[in-house]
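Summary of structural features
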Amino acid sequence: MKITSFNPIVATAHCEEVVKLFEDLGFEKRHSIENIDNTGINAIDMKNEDGFRVDVGDVKQLPQDMMFIRMNVDNFEEAYDILIKHGFKNSRGDETVDSKSSKAASMISPSGFAISLVQHIKDHD
């Protein structure tokens with residue numbers, strides 16, 4: 001299994017404010033995804049000139065901001081099994097978020113930190 005990217009995600013009900021903060025820090029919007037898995041959640045991918053990245057998730061129902069690590073991999077099942085072996089739990093039980101372009105799961109560690117595990121699917125419309 002190869003990790004293809006690794007960066008923070010800020011999940012927040014105050015998306016515009018957080019995006020503005022990162023813009024002021026030199027990050028630019030690269031792309032966005034709307035209505036992920038029909039949940040009403042939107043995500044904005046940002047990158048600065050040095051190649052550092054941060055994602056901002058627009059999650060209106062959150063009472064406070066949450067931090068995740070986004071870990072994109074080339075083999076979802078292998079990475080998932082490694083995390084499970086280390087005591088991580090899938091926040092959706094055994095379900096994953098599957099779309100035309102990716103497979104994902106929010107994995108919570110025994111101590112409480114979260115990894116958003118994602119495999120992008122290259123062959124899609």
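Starting from 1, residues in each chain are numbered consecutively following that chain's sequence as written. For a predicted model such as this one, the threshold for reporting local features is a pLDDT of at least 70, and the threshold for listing and counting side-chain atom pairs is 80 or more; totals across whole chains, interfaces and linings nevertheless cover every residue. Side-chain measures here rest on the full set of heavy atoms in the structure, leaving out hydrogens and waters.

**A closer look at the packing of aromatic side chains**
Note the cut-off: Geometry of aromatic contacts follows a simple scheme: Phe, Tyr and Trp rings, the Trp one being its six-membered ring, pair when their centres are within 6.5 Å, and the pair is stacked under 30 degrees between planes, edge-to-face over 60, tilted otherwise. Residue burial is assigned from relative accessible area. The probe radius is 1.4 Å, only protein chains are included, and a residue is buried under 20% of its type maximum, exposed over 50%, and partly exposed in between. For the purposes of this entry, the term helix denotes a DSSP run of H or I that reaches at least four residues, the term strand denotes a run of E that reaches at least two, and both are numbered from the N terminus.
According to the stated counting rule, one finds three aromatic pairs in the structure shown. Plain terms: the ring middles of Phe 22 and Phe 27 are 5.5 Å apart, the flat faces sit at 85 degrees to each other, and that makes the pair edge-to-face. The same class applies to Phe 22 as to Phe 27, namely buried. Between Phe 88 and Phe 113 the ring centres are 5.5 Å apart and the planes differ by 85 degrees, which places this aromatic pair in the edge-to-face class. Of this pair, Phe 88 sits in the loop between α2 (76–85) and β6 (89–90) while Phe 113 is found in the loop between β8 (102–108) and β9 (114–120), placing the two residues 25 residues apart along the sequence. For Phe 113, a relative accessible area of 40% gives the class partly exposed.

**Digging into helix α1 (residues 15–24)**
Residues spaced three or four apart along an α-helix face the same direction, because each turn holds 3.6 residues. Rule in force here: Here the arc refers to the set of directions running from the helix axis out to each C-beta atom.
Burial in α1 covers these residues: Cys 15, Val 18, Val 19 and Phe 22. Viewed along the axis of α1, the buried residues span an arc of 100 degrees, placing them on a single side of the element. Exposed side of α1, more than 90 degrees from the buried face: Glu 16, Glu 17 and Asp 24 are the residues found there.

**A closer look at a negative patch on the surface**
Applicable threshold: The patches described consist of residues with a relative accessible area above 30% and no salt bridge, like charges being joined within 9 Å and nonpolar side chains (Val, Leu, Ile, Met, Phe, Trp, Tyr) within 5 Å. Accessibility throughout is a Shrake-Rupley quantity obtained with a 1.4 Å probe, and a residue counts as covered only by protein chains that appear here. In the sections that follow, a salt bridge refers to a side-chain nitrogen of Lys or Arg positioned within 4 Å of a carboxyl oxygen of Asp or Glu. Positive charges come from Lys and Arg alone, negative charges from Asp and Glu alone, with His and the N- and C-terminal ends not counted. Lysine's charge is taken at NZ, arginine's at CZ, aspartate's at CG and glutamate's at CD.
Together, Glu 23, Glu 28, Glu 49 and Asp 50 give the surface a local cluster of negative charge. The exposure class of Asp 50 is exposed, given its relative accessible area of 60%.

**A closer look at the pairing of β9**
Where we set the bar: Strands were regarded as paired on the criterion that DSSP finds at least two bridges between them.
Burial within β9 is extensive, with six of its seven residues counted as buried. As defined by bridge partners, strand β5 (residues 66–73) adjoins β9 across four bridges and the pair is classed as parallel. Its bridge partner being in β9, Arg 70 is matched across the sheet by Ser 116. With antiparallel pairing between neighbouring strands as the criterion, β8 and β9 make up a hairpin whose turn holds five residues, including Gly 112 at a positive phi of roughly 110 degrees.

**Focus: the pattern of salt bridges**
Within this structure, the stated rule accounts for six salt bridges. In this structure, Asp 45 and Arg 30 form a salt bridge, with 3.7 Å as the shortest nitrogen-oxygen distance. Of the two residues, Asp 45 sits in strand β3 (residues 41–47) while Arg 30 sits in strand β2 (residues 28–36), which places them 15 residues apart along the sequence. With a shortest N-O distance of 2.7 Å, Arg 53 and Asp 45 are connected by a salt bridge. Exposure remark for Arg 53: the relative accessible area of 24% places this residue in the partly exposed category. Assessed through its relative accessible area of 2%, Asp 45 is described here as buried. One continuous salt-bridge network, built from bridges that share partners, spans Arg 30, Asp 45 and Arg 53.

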